[in-house]
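# A closer look at the structure
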Amino acid sequence: MSYVSEALDTTVRYTGKHTAVIVVTGDVDLHTAPVLRAEALTAMTQGARHLVLDMAEVDFVDSTGLSTLIVLLHAAQEAGGSLRVASVPERLVRMVTMTGIAELLPVHDTVADALAALDVAEGVDDAGKEGVDGAADEGVVVSATPSAGRGVEVSVTASAGRGADVSDVSATAMADHGVDDAVGGTGPSR
């Protein structure tokens, strides 16, 4: 009997003006993949077109989770960016390799390796620059957790330094309805 978790936590750390690392914790499956999709798309609406998924704390990924990775890859490419995965647990490496995902999406041993490869491959030079929307690089943290009704609660924390404007930031993902985001009252709906 398979066990399907309804718990997935994500935390976004903006490492530069156009780059974000999304730490994924838990299972990425039919019930939780919309959380990951919502979080990644929200980061992209905030200007982070290059995403690195830190998968070190992921226990399980089903076909919906794999499909979500492909959807996010295409969304990042359409935004002129890229998607990379890092710290994929050994138990998931075989699945990523066998399904061909590793051929489409760069897989790195560590987040640091993914960021370094991104800098070289994409010519990204975000070091020392302000983060998304003028926020200090280390000053913005976004996290998402599932809430009742299969939605996602998103919280944003910004340091007082360098003036991040994080008012009216929210995102909701419904398993059957895609993503409805409102960043400052605007943003594309899916």
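Residues numbered from 1 in each chain as written. Predicted model: local features only at pLDDT ≥ 70, side-chain atom pairs only at ≥ 80, totals over all residues. Heavy atoms only, no water.

Here we take up the pairing of strand S2 (residues 19–28). Most of S2 sits inside the fold, with 8 of its 10 residues counted as buried. As defined by bridge partners, strand S1 (residues 8–16) adjoins S2 across 8 bridges and the pair is classed as antiparallel. What sits directly across from tyrosine 14, in S2, is alanine 20. Following S1, the chain reverses through 2 residues before pairing antiparallel with S2. Pairing analysis gives 9 bridges linking S2 to strand S3 (residues 50–61), with the strands arranged parallel. Bridging from a neighbouring strand, aspartate 27 pairs with phenylalanine 60 of S3. Note that the unit made of S2, helix H1 (residues 33–45) and S3 has a crossover that is right-handed. (Buried < 20%, exposed > 50% of the residue type's maximum accessible area, 1.4 Å probe, protein only. Helix = DSSP H or I, 4+ residues; strand = E, 2+ residues; numbered from the N terminus. Pairing = 2+ DSSP bridges. Right-handed = clockwise from strand over helix to strand, strands pointing away.)

Another aspect to go through is the pairing of S3. Pairing geometry for S3 and strand S4 (residues 82–86), over 5 bridges, is parallel. The partner of leucine 53 across the bridge, within S4, is valine 85. After leaving S3, the chain enters helix H2 (residues 63–78) and then returns to the sheet as S4, a path that is right-handed.

This paragraph deals with unusual backbone geometry. Despite not being glycine, serine 87 has its phi angle at roughly 55°, a positive value. When you line up the elements, serine 87 lands in the loop between S4 and helix H3 (90–98).

In a regular helix each residue adds 1.5 Å, so 16 residues correspond to 22 Å; H2 covers 23 Å between its end C-alpha atoms and thus fits that length. Of the residues making up H2, those classed as buried are Gly65, Leu66, Thr68, Leu69, Leu72, Leu73, Ala75 and Ala76. Tucked into the core, H2 has its buried residues touching S2, H1, S3, S4, H3 and helix H4 (101–104). With a side-chain oxygen positioned 2.9 Å from the backbone nitrogen of threonine 64, the residue opening H2 is aspartate 62. After H2 finishes, the residue glycine 80 shows a positive phi value of roughly 80°. (Expected span 1.5 Å × (residues − 1). Contact = heavy atoms within 4.5 Å. Polar contact = N/O pair within 3.5 Å; in protein donor to acceptor, adjacent residues only side chain to side chain.)

Right, let's talk about the confidence of the model for the protein for a bit. Averaged over every residue, the pLDDT of the protein is 73; residues scoring 70 or more account for 59%. Counted against residues more than four places away or in other chains, residues 1–5, with its pLDDT under 50, gives 7 contacts. In this model, residues 154–190 is a region of pLDDT below 50 whose contacts with residues beyond four sequence positions or in other chains number 75 contacts. (pLDDT = per-residue confidence, 0-100.)

Before going further, it helps to spend a moment on the environment of aspartate 27. With respect to the helices and strands, aspartate 27 occurs in strand S2. Given a relative accessible area of 8%, aspartate 27 falls into the buried group. In this structure the C-alpha to C-alpha distance between aspartate 27 and leucine 8, which are 19 residues apart in sequence, comes to 5.9 Å. Within polar-contact distance, the side chain of aspartate 27 engages the backbone nitrogen of phenylalanine 60 at 3.4 Å.

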